[in-house]
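Residue-level structure breakdown
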Amino acid sequence: MKKTILLILLLASLKSIGQKSELNITIDERIETIYSIAFLDDYFLINNHENHYKSKLKNNFKALKNHKAVALFDTLSKKHGFNFNNVTDWVLQFGEFPELNKVREVINPDSFDESKGDYLIKKFKKEFISFNQDTLFQAYLAEVKELNEKVLNQVKQSKSIQHLPTYLEKYYGSELGSYNLILSPLVHSGGFNSKFIADGKTEVYAIIGPNGEIEHIPYFEKEFLEMDLILHEFGHSFVNPLTEKFQNEIENIKEKYYSDSLKKNGKTQGYSEWKYVFNEHIIRAITIRIANENFGTEKAKELLDYEKSIGFSLVNNIVEILKEYENNREKYPKFSEFYPILIERIK
């Protein structure tokens, strides 16, 4: 009897180890609602591509340009720092409409500080729900259902996209609870990373905008989406906590590397502080190494050449150091164990 139980436990263990983590790919009502508000407010992170979604929003919701939700979003985004990833972090902590109950906790030390605009953000949540109801957003979603299916199907046709969580887990040597890709026809060409705890498990989200359009339908170019965005954005969930943990050590090498030219190049890419610039270098170097292993040296070289072209030449140094990690995985099963060694090597 004991042997049978042990055999069952062993088989269950082996099955668990062999399971692949799934990538959930959706278009999300919460993201589309808040970005419709942002669109009506002429928010600077709306994408520049004309598409059928924008046309329908202009036709259906033009009378709601003066809705209280739009006015509050304008104030919060311009005066209280409610922008960039703070918007997606805030909205994804909630469940579904109309209750919009809080169901997960944000894991991001730089998330929107609600105390700075406590009254306004509470009022905005109320008006946010009201906007969703007043606009009959479900009717709008029904109108664009066919469009959404085309966008989702175009991305899901990829033969490699479902392997990305496995590539990440293999390289970093650790797992996360769930991987979620949210495509948004309104988000700028790029994306945001959000990380949460729900029911004791870590959930990660990449919120990605299109980098083009074909016949006014948003288009997500495969290689750009998978390597430059998904591997990169999910990489933040593995690397950011380490950057926070070792921020003193990272600060100690600031003087050596944070030159005026790197400051300028970092700001051009949207990173105004050394720790964020350093963090980006680590993630971009790892993305190159994952690409090298799974998509070939040519793609890796292409990614590295791009980093050099924007003035992130330190990525090349980090790429070389990462080879030590890759060649000594029995010593460093997890990237978190190699991170302090990486900093020492950079010194």
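The structure this text deals with has already been given above.
A brief report on the enclosed structure follows. Owing to the predicted nature of the structure, the values given are computational and were not obtained by experimental measurement.

The next point concerns the pairing of strand S1 (residues 23-26). The alternating pattern of S1 places Leu23 and Ile25 on a buried face, while none of Asn24 and Thr26, on the opposite face, is buried. Pairing geometry for S1 and strand S3 (residues 178-183), over four bridges, is parallel. Following the sheet pairing, Ile25 is matched in S3 by Leu181.

Moving on, we come to the sheet that holds strand S2 (residues 105-106). The strand order across the open sheet built from five strands is S1-S3-S5-S4-S2, with neighbouring strands paired in mixed fashion. Either end of the sheet is taken by a strand with one partner, and the two such strands are S1 and S2. Strand direction decides the pairing type here: S3 and strand S5 (residues 201-208), joined by six bridges, are parallel. Residue pairing in the sheet places Leu181 in a bridge with Ala206 of S5.

Here we come to the nonpolar core. Tyr35, Phe124 and Phe335 are the most contacted members of the largest nonpolar core, which has 111 residues in total. Looking at this core, the element that brings in the most residues is helix H14 (residues 274-295), giving ten residues. Sequence-distant contacts of Tyr35, that is, excluding residues within four places in its chain, are made with Tyr43, Leu45, Ile46, Val87, Thr88, Leu186, Val187 and Phe192.

The next thing to look at is the packing of aromatic side chains. Tallied over the entire structure, the rule returns 31 aromatic pairs. On the numbers, 5.7 Å between centres and 85 degrees between planes, the contact of Phe82 with Trp90 is edge-to-face. In this pair, the class of Phe82 matches that of Trp90, namely buried. Aromatic side chains Phe196 and Tyr205 sit 5.5 Å apart centroid to centroid with 85 degrees between the ring planes, which places their arrangement in the edge-to-face category. A single burial state applies to Phe196 and to Tyr205, both of which are buried.

Now for the pattern of salt bridges. Under the defined criterion, the tally for this structure stands at 20 salt bridges. Put simply, Arg30 and Asp28 hold a salt bridge, and the shortest N to O gap is 2.7 Å. For Glu302, the salt bridge is made with Lys299, and the minimal N-O distance between the two is 3.1 Å. Linking Glu302 with Lys299, this pair stays in helix H15 (residues 297-309), spanning three residues, or about one helical turn. Within this structure, Glu223, Lys299 and Glu302 form a network of salt bridges that share partners.

What counts, and at which threshold
- Residues numbered from 1 in each chain as written.
- Predicted model: local features only at pLDDT ≥ 70, side-chain atom pairs only at ≥ 80, totals over all residues.
- Heavy atoms only, no water.
- Buried < 20%, exposed > 50% of the residue type's maximum accessible area, 1.4 Å probe, protein only.
- Helix = DSSP H or I, 4+ residues; strand = E, 2+ residues; numbered from the N terminus.
- Pairing = 2+ DSSP bridges.
- Core = buried A, V, L, I, M, F, W, Y, C linked by side-chain atoms within 4.5 Å.
- Contact = heavy atoms within 4.5 Å.
- Phe/Tyr/Trp six-rings, centres within 6.5 Å; stacked < 30°, edge-to-face > 60°.
- Salt bridge = Lys/Arg side-chain N within 4 Å of Asp/Glu carboxyl O.

Keep in mind these numbers describe shape, not what the thing actually does.
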